[in-house]
Amino acid sequence: MRSLLAKFGVSSVALAAAFGLASVAEAPYSLIPQERPVSVLFFGDLMLDRGVSTRAVGGAELIAGVVPLARESDLVVLNLEGTITRNESVAVQDHNVLRFTFDPTLTQSVLGALGVDAVSLANNHALDFYAAGHEETRATLTRMGVASFGHPLNSQSISTMLVHDEWRICLVGYHELFDPSIASVVAEVARLKPVCDKVVVVTHWGVEYEAAPSASQVAHAHAFVDAGADLIVGAHPHVVEPVEVYRGRAIVYSLGNFVFDQDFSWETTHGLALSVRFSKNETRLTLLPLAIPRSHPTPALGEEGGRVLQAAGGVDTFILP
């Protein structure tokens, strides 16, 4: 479901540009506990080029199996694993070329059907078509009413604020691969903490296809929580990694794939969605297993879903203060 800003055609990116991110962060705001909860649904890596583009039929059909999950949530957030440009795809012609561009019409169909409110661009494909492609992507998302946050170099536009009812949910992107420094992210979390009801760091990190987080993932996640983050949600390994609770905050090291064409293993064709319900007195997290046959995500049930949950540690629900 669209955030309040997007509903009225104003993205949080535009808001930050108009007033300056520091101005937004320093604006007076009373953090009064909200009476009505807010729910946020997080998906992992969305890729709409290469094999996915040849399998997509109109876009909405691609993700029809998970649209009911999205409609149950107030806000929807995911990692956009590529650019949105009008450039011709190079990955379709040569699958060994890992430069992704998504057709704008296909992208709008998918994001619109899911009701996506914000996407992270803090990943290793956000500059696949260089600075021009990155800027075109951000501009296209703004026209779609979708906020973007995060930068592959952790250098600019790394956060956004989503407003739903009286809740202010702030999202900060972090990308480990190009520049592993966490200084800008830690500073941003600390700056946003006084003016946001919840601060979530959405990360792109770790080692591809590894079932356990790396030492740097653990160290960085703990630093983000120490700085004031309320939740860490990770992507990039393309497989599910465990969930950790540190100082009363959840760290979801990797949701795995959401929409991808990595059909070569069971692990890359299964992932998680994360449903988070923030309320006055608690945070409830629910892990929702997904199967991704031929790039079409659907809920994974029974033994199949249980196997996905085992990769995350075997627990599907966390209730935290």
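Structural data are supplied above this passage.
Small disclaimer: the values here were computed from a predicted structure and weren't measured. (Residues numbered from 1 in each chain as written. Predicted model: local features only at pLDDT ≥ 70, side-chain atom pairs only at ≥ 80, totals over all residues. Heavy atoms only, no water.)

**Here we look at empty space enclosed by the protein**
Thinking step 1. For the coordinates displayed, the defined rule picks out three cavities of 30 Å³ or more.
Thinking step 2. Lining the second largest cavity, in full, are Phe42, Phe43, Gly44, Val77, Leu78, Asn79, Val202, Thr203, Val233, Gly234, Ala235 and Leu255.
Thinking step 3. Of all elements in the fold, only β1 (38–46), β2 (75–80), β9 (198–204) and β10 (231–235) reach the threshold of two or more residues within the lining of the second largest cavity.
Thinking step 4. Classifying every residue of the lining of the second largest cavity by side-chain character gives eight nonpolar, four polar and no charged. (1 Å grid on protein atoms, 1.4 Å probe; cavity = no way out; pocket = protein on both sides within 12 Å on 5 of 7 lines; lining within 4 Å. Points joined across faces, edges and corners; volume = space filled by probe spheres on them. Helix = DSSP H or I, 4+ residues; strand = E, 2+ residues; numbered from the N terminus. Nonpolar A, V, L, I, M, F, W, Y, C, P; charged D, E, K, R; others polar.)

**Remarks on the state of the cysteines**
Thinking step 1. A complete count under the given rule lists one disulfide for this structure.
Thinking step 2. One disulfide in the model links Cys170 with Cys196; its S-S distance is 2.0 Å. Negative torsions about the S-S bond denote left-handed disulfides, and the value of about -70° found for Cys170 with Cys196 makes this one left-handed. Placement of Cys170 in strand β8 (residues 167–175) and of Cys196 in the loop between α8 (183–192) and β9 is noted, with a sequence separation of 26 residues between them. (Disulfide = S-S within 2.5 Å.)

**Some details on the side chain of Lys198**
Thinking step 1. Following the sequence through the fold, Lys198 ends up in strand β9.
Thinking step 2. When neighbours within four sequence positions are excluded, Lys198 is seen to be in contact with Trp167, Arg168, Ile169, Cys170, Asp230, Phe278 and Thr283. (Contact = heavy atoms within 4.5 Å.)

**With respect to the packing of aromatic side chains**
Thinking step 1. The final tally for this structure, using the stated rule, is four aromatic pairs.
Thinking step 2. Ring centres of Phe43 and Phe258 lie 4.0 Å apart, and the angle between their planes is 15°; this geometry places the pair in the stacked category. One end of the pair, Phe43, is in strand β1; the other, Phe258, is in strand β13 (residues 257–259), and 215 residues separate them in sequence. For the pair formed by Phe43 and Phe258, the shared burial category is buried.
Thinking step 3. Against the face of Phe129 rests Arg99, its NZ or CZ located 4.4 Å from the ring centre.
Thinking step 4. In this structure, Arg307 packs its charged tip against the face of Trp266, placed 3.8 Å from the ring centre. (Phe/Tyr/Trp six-rings, centres within 6.5 Å; stacked < 30°, edge-to-face > 60°. Buried < 20%, exposed > 50% of the residue type's maximum accessible area, 1.4 Å probe, protein only. Lys NZ or Arg CZ within 6 Å of the ring centre and 35° of its normal.)

**Considerations on the pairing of β8**
Thinking step 1. Buried residues dominate β8, accounting for eight of its nine residues.
Thinking step 2. Both strand β7 (residues 159–164) and β8 contribute to a ladder of six bridges, which runs antiparallel. Counterpart to His164 in the pairing with β8 is Trp167.
Thinking step 3. Across seven bridges, β8 lies against β9 in parallel orientation. Among the inter-strand pairings, His175 is bridged to a residue of β9, identified as His204.
Thinking step 4. Since β8 and β9 lie parallel, the crossover through α8 that links them has a hand, and here it is right-handed. (Pairing = 2+ DSSP bridges. Right-handed = clockwise from strand over helix to strand, strands pointing away.)

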